[in-house]
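# Coordinate inspection notes
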Amino acid sequence: QQQVKQSPQSLIVQKGGIPIINCAYENTAFDYFPWYQQFPGKGPALLIAIRPDVSEKKEGRFTISFNKSAKQFSLHIMDSQPGDSATYFCAAIISFRGSTLGRLYFGRGTQLTVWP
Amino acid sequence: IAGITQAPTSQILAAGRRMTLRCTQDMRHNAMYWYRQDLGLGLRLIHYSNTAGTTGKGEVPDGYSVSRANTDDFPLTLASAVPSQTSVYFCASSVRAHTEAFFGQGTRLTVV
């Protein structure tokens, strides 16, 4: 059973557009939600993260929106650039040390292409 | 060295051969992980280690084994490689379990 569901699988936008990647989860014990960015031939790199007590977090052109009641969160990339073309993964984790589920659960990824 | 180093970066392996993928981190992280990445399937956890001396199975452990003799090293062994193990393998580490992970650059393995 997939713990974190991510959509779309691929996304193409024009430069300056605002791609949106959506993720949903079922386990309400998840309390930390990082996003990873992966360029071809490289390992995933932590991009931005949010906790469910915050509805929105911005870092530069990247914004995470979080809807705790719907158990959904999304990544928005403002003024997207060709250099943002990469695969993006959402993830979820239980940060409470007493839980046995102490690892990241990843979505299946979204391949983003930004055309110049 | 800063971060996670994986070796080799790529390898072509004959089916049935034994292979060890190496992973070393210099961040003194307690937890380490091995993932495989396949198109359309994302990142799937193979094995993990929350601390030196302990290991655990992830989602897809069959055909793989790991050891964690010390904090820094976490090798992944394929005892007898099969073509379905063709994939990109990523080693990752985190300060401790229950925190975000940091990834190495990956090993591209082709089993023929």
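In this text, all values refer to a predicted model and were calculated from it rather than measured experimentally.

## Looking at the overall build of chain A
- Within chain A one finds zero helices and 11 strands.
- Taking 13 Å as the expected radius of gyration for a compact globule of 116 residues, we find that chain A reaches 14 Å, a close match to that expectation.
- Seen along its three principal axes, the alpha-carbon backbone of chain A occupies a region of about 45 × 30 × 20 Å.
- Looking at chain A as a whole, 47% of its 116 residues qualify as buried.
- Sequence separation of 24 or more characterises 55% of the internal contacts of chain A that already satisfy a separation of 6 or more.
- Carbon together with sulfur atoms contributes 50% to the accessible area of chain A, which is approximately 5700 Å² in total.

## Brief notes about the interface of chain A and chain B
- With 22 residues of chain A at the contact, the number on the chain B side is 19 residues.
- Carbon and sulfur atoms make up 56% of the surface buried where chain A meets chain B, a total of about 1800 Å² over both sides.
- Summed over the shared surface of chain A and chain B, the result is zero salt bridges.
- There are three residue pairs in polar contact (both at pLDDT 80 or more) connecting chain A and chain B.

## So, the pairing of strand β3 (residues 20-25) of chain A
Residue and element names in this part refer to chain A.
- Alternating residues of β3 divide into Ile21, Cys23 and Tyr25, all buried, and Ile20, Asn22 and Ala24, none buried.
- Taken together, the four bridges between strand β1 (residues 4-7) and β3 define a ladder with antiparallel strand orientation. Bridge pairing in β3 places Ser7 opposite Asn22.
- In this structure, β3 lies alongside strand β8 (residues 72-77), joined through five bridges in antiparallel fashion. Note that in β8 the partner of Ile21 across the bridge is Leu75.

## Remarks on the nonpolar core
Residue and element names in this part refer to chain A.
- One finds Phe30, Phe33, Trp35, Phe73, Leu75, Tyr88 and Leu112 to be the most contacted residues of the largest nonpolar core, which totals 26 residues.
- Of all the secondary structure elements, the ones that give two or more residues to this core are β2 (10-14), β3, β4 (33-38), β5 (45-50), β7 (62-67), β8, β9 (86-92) and β11 (110-115).
- With four residues, β9 is the single largest residue contributor to this core.

What counts, and at which threshold
- Residues numbered from 1 in each chain as written.
- Chains lettered and ligands numbered in written order.
- Predicted model: local features only at pLDDT ≥ 70, side-chain atom pairs only at ≥ 80, totals over all residues.
- Heavy atoms only, no water.
- Helix = DSSP H or I, 4+ residues; strand = E, 2+ residues; numbered from the N terminus.
- Rg over C-alpha atoms; globule rule 2.2 N^0.38 Å.
- Buried < 20%, exposed > 50% of the residue type's maximum accessible area, 1.4 Å probe, protein only.
- Contact = heavy atoms within 4.5 Å.
- Areas by Shrake-Rupley, 256 points an atom, 1.4 Å probe, with all protein chains shown as cover.
- Buried area = accessible area lost by both parts, 1.4 Å probe.
- Salt bridge = Lys/Arg side-chain N within 4 Å of Asp/Glu carboxyl O.
- Polar contact = N/O pair within 3.5 Å; in protein donor to acceptor, adjacent residues only side chain to side chain.
- Pairing = 2+ DSSP bridges.
- Core = buried A, V, L, I, M, F, W, Y, C linked by side-chain atoms within 4.5 Å.

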